[in-house]
Amino acid sequence: GQNIDQPTEMTATEGAIVQINCTYQTSGFNGLFWYQQHAGEAPTFLSYNVLDGLEEKGRFSSFLSRSKGYSYLLLKELQMKDSASYLCAVRVSSWGKFQFGAGTQVVVTP
Amino acid sequence: EAGVAQSPRYKIIEKRQSVAFWCNPISGHATLYWYQQILGQGPKLLIQFQNNGVVDDSQLPKDRFSAERLKGVDSTLKIQPAKLEDSAVYLCASSKLTGSVETQYFGPGTRLLVL
């Protein structure tokens, strides 16, 4: 079966760094995506990894190790507006099917 | 560029009633997805269209759910009859392959409450 695991909740202080881990076991792999979802809103795209290594996009970075079935999203210089759920998703097929994790709720405190 | 449009935004019905949701994807996006997101969970794919053909509907409860995408643009998702466990947010997304990256763009969702 398909399995994507990420922690349920993380709390961090404004200005700090938080790392959200995601492990996956899927029948196929064509890329790993991270989405941000604020309460009551739709998910929005943050980052994409298909090759091993680190992708940096401003305050957000994402890392992938395909051999370990592992990714993380790193949020730096946390701001209050970063309080949201962060979804890890694997594109399991070449024709676009995505499998989502349950999401990690990040709470940023003053 | 206009985003993915969905309507209605909210719907409250009683169990055993029928309901329909509408989605208009981003112009030019060939792939359209319907997801069900239950509170506290990640989105679960119900059905995926490529143009007006079904690519994947393996997780669609076909005894009560149906979807169509006529002319390869707008799509409707129908539930008939609804059950209490269908209470969820129904998200529509569309995507387009740019180089090697296929990024999904989500609509605002329809929040369904079945009483």
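In the block above lies the structure referred to throughout.
The structure reproduced in this document is the subject of the present report. Chains are numbered independently. Their residues run from 1 in the order of the written sequence. To read the labels, note that chains go from A and ligands from 1, taken in the order they are written. Thresholds applied to this predicted model are a pLDDT of at least 70 for local features of residues and 80 or more for the giving and counting of side-chain atom pairs; totals over whole chains, interfaces and linings are not thresholded and use all residues. In computing side-chain properties, one takes all heavy atoms of the structure into account and sets aside hydrogens as well as water.

## Section: the overall build of chain B
Within chain B one finds zero helices and eleven strands. Note that the radius of gyration is over C-alpha atoms, with the globule rule given as 2.2 Å times the number of residues to the power 0.38. Taking 13 Å as the expected radius of gyration for a compact globule of 115 residues, we find that chain B reaches 14 Å, a close match to that expectation. The principal-axis extent of the C-alpha atoms belonging to chain B is close to 45 × 25 × 25 Å. For chain B, the proportion of contacts with a sequence separation of at least 24, taken over those separated by at least 6, is 52%. Accessible surface area values rest on a Shrake-Rupley calculation with a 1.4 Å probe, where residue burial reflects the displayed protein chains alone. Here chain B displays about 5,700 Å² of accessible surface, and carbon together with sulfur accounts for 53% of that area. Under the DSSP-based scheme used, a helix requires at least four consecutive residues in state H or I and a strand at least two consecutive residues in state E, with every element numbered from the N terminus. Any two residues whose heavy atoms approach within 4.5 Å at even a single point are treated as in contact.

## What to know about the sheet that holds strand 8 (residues 75-79) of chain B
Residues and elements named next belong to chain B. In this scheme, strands are said to pair when DSSP sees at least two bridges between them. If you trace the four strands from one edge of the open sheet to the other, you get 1-3-8-7, paired in antiparallel fashion. In this open sheet, the two strands that pair with only one neighbour each are strand 1 (5-7) and strand 7 (65-68). Each strand axis lies, on average, 15 degrees off the axis of its neighbour in the sheet, ignoring direction. Taken together, the five bridges between strand 3 (residues 19-24) and strand 8 define a ladder with antiparallel strand orientation. Within strand 8, the residue paired with W22 across the bridge is T76. Angular values range over 0 to 180 degrees, each being the angle between N-to-C directions of two axes fitted as lines to C-alpha atoms, with helices fitted over their stretch in contact.

## Brief notes about the pairing of strand 4 (residues 32-37) of chain A
All names here are of chain A. For strand 4, a buried count of six out of six residues is recorded, marking the element as mostly surrounded by other parts of the structure. Neither face of strand 4 is exposed, since L32, W34 and Q36 on one face and F33, Y35 and Q37 on the opposite face are all buried. A loop of six residues connects strand 4 with strand 5 (residues 44-49), the two strands running antiparallel in sequence, and G40 in this loop sits at a positive phi of about 75 degrees. Pairing of strand 4 with strand 9 (residues 84-91), which is carried by six bridges, proceeds in the antiparallel orientation. For W34, the partnering residue across the bridge sits in strand 9 and is C88. Remark: exposure states derive from per-residue accessible area (1.4 Å probe, protein chains only) relative to the maximum for the residue type, with buried under 20%, exposed over 50%, and partly exposed in between.

## Quick look at the pattern of salt bridges
Residues and elements named next belong to chain A. The salt bridge definition used is simple: a Lys or Arg side-chain nitrogen within 4 Å of an Asp or Glu carboxyl oxygen. Throughout the structure, instances matching the rule amount to six salt bridges over all chains. Its salt-bridge partner being D52, residue R66 comes within 3.0 Å of it at the nearest N-O pair. Of the two residues, R66 sits in the loop between strand 7 (60-65) and strand 8 (70-75) while D52 sits in the loop between strand 5 and strand 6 (53-57), which places them 14 residues apart along the sequence. Under the relative-accessibility criterion, D52 is labelled partly exposed at 43%. Of the charged contacts in the structure, one is a salt bridge between D82 and R59, with a shortest N-O distance of 2.8 Å. Here D82 is found in the loop between strand 8 and strand 9, whereas its partner R59 is found in the loop between strand 6 and strand 7, with 23 residues between them in sequence. The burial state of D82 is the same as that of R59; both residues are buried.

## Regarding the pairing of strand 8 of chain B
The two faces of the sheet receive side chains in turn, since in a regular strand these alternate between them. Residues and elements named next belong to chain B. Residues S75, L77 and I79 point to one face of strand 8 and are all buried, whereas T76 and K78, pointing to the other face, are not buried. Here strand 7 runs beside strand 8; their pairing, made up of four bridges, is antiparallel. Its bridge partner being in strand 8, S66 is matched across the sheet by K78. With antiparallel pairing between neighbouring strands as the criterion, strand 7 and strand 8 make up a hairpin whose turn holds six residues, including K71 at a positive phi of roughly 65 degrees.

## Remarks on the layout of surface pockets
Only protein atoms enter the 1 Å grid used here. Points where a 1.4 Å probe fits but cannot escape make up a cavity, open sets with protein on both sides within 12 Å along at least five of seven lines make up a pocket, and a residue lines them when an atom lies within 4 Å of a point. Grid points are joined across faces, edges and corners, and a volume is the space filled by probe spheres set on the points. As a volume, the largest pocket reaches approximately 550 Å³. If you trace the largest pocket, you find 28 residues lining it, with Q37 of chain A together with Q37, L39, G40 and Q41 of chain B closest to the centre. Of all the secondary structure elements, the ones that give two or more residues to the lining of the largest pocket are strand 9 and strand 11 (104-109) of chain A together with strand 9 (88-98) of chain B. Under the grouping applied here, Gly and all other residues not named as nonpolar or charged are polar, the nonpolar ones being Ala, Val, Leu, Ile, Met, Phe, Trp, Tyr, Cys and Pro and the charged ones Asp, Glu, Lys and Arg. Looking at the lining of the largest pocket, its residues break down into twelve nonpolar, 13 polar and three charged.

## Focus: the interface of chain A and chain B
Contacts between chain A and chain B engage 18 residues on the former and 22 residues on the latter. Counting across the interface, chain A meets chain B through one salt bridge. Of the charged contacts in the structure, one is a salt bridge between D56 of chain B and K97 of chain A, with a shortest N-O distance of 3.2 Å. Pairs of N or O atoms are called polar contacts if they sit within 3.5 Å, as long as, within protein, a hydrogen donor faces a hydrogen acceptor (for residues adjacent in sequence, only side-chain-to-side-chain pairs). There are four residue pairs in polar contact (both at pLDDT 80 or more) connecting chain A and chain B. Here the side of chain A that touches chain B takes three residues from strand 4 of chain A, the largest share from any one element. Classifying every residue of the side of chain A that touches chain B by side-chain character gives eleven nonpolar, four polar and three charged.

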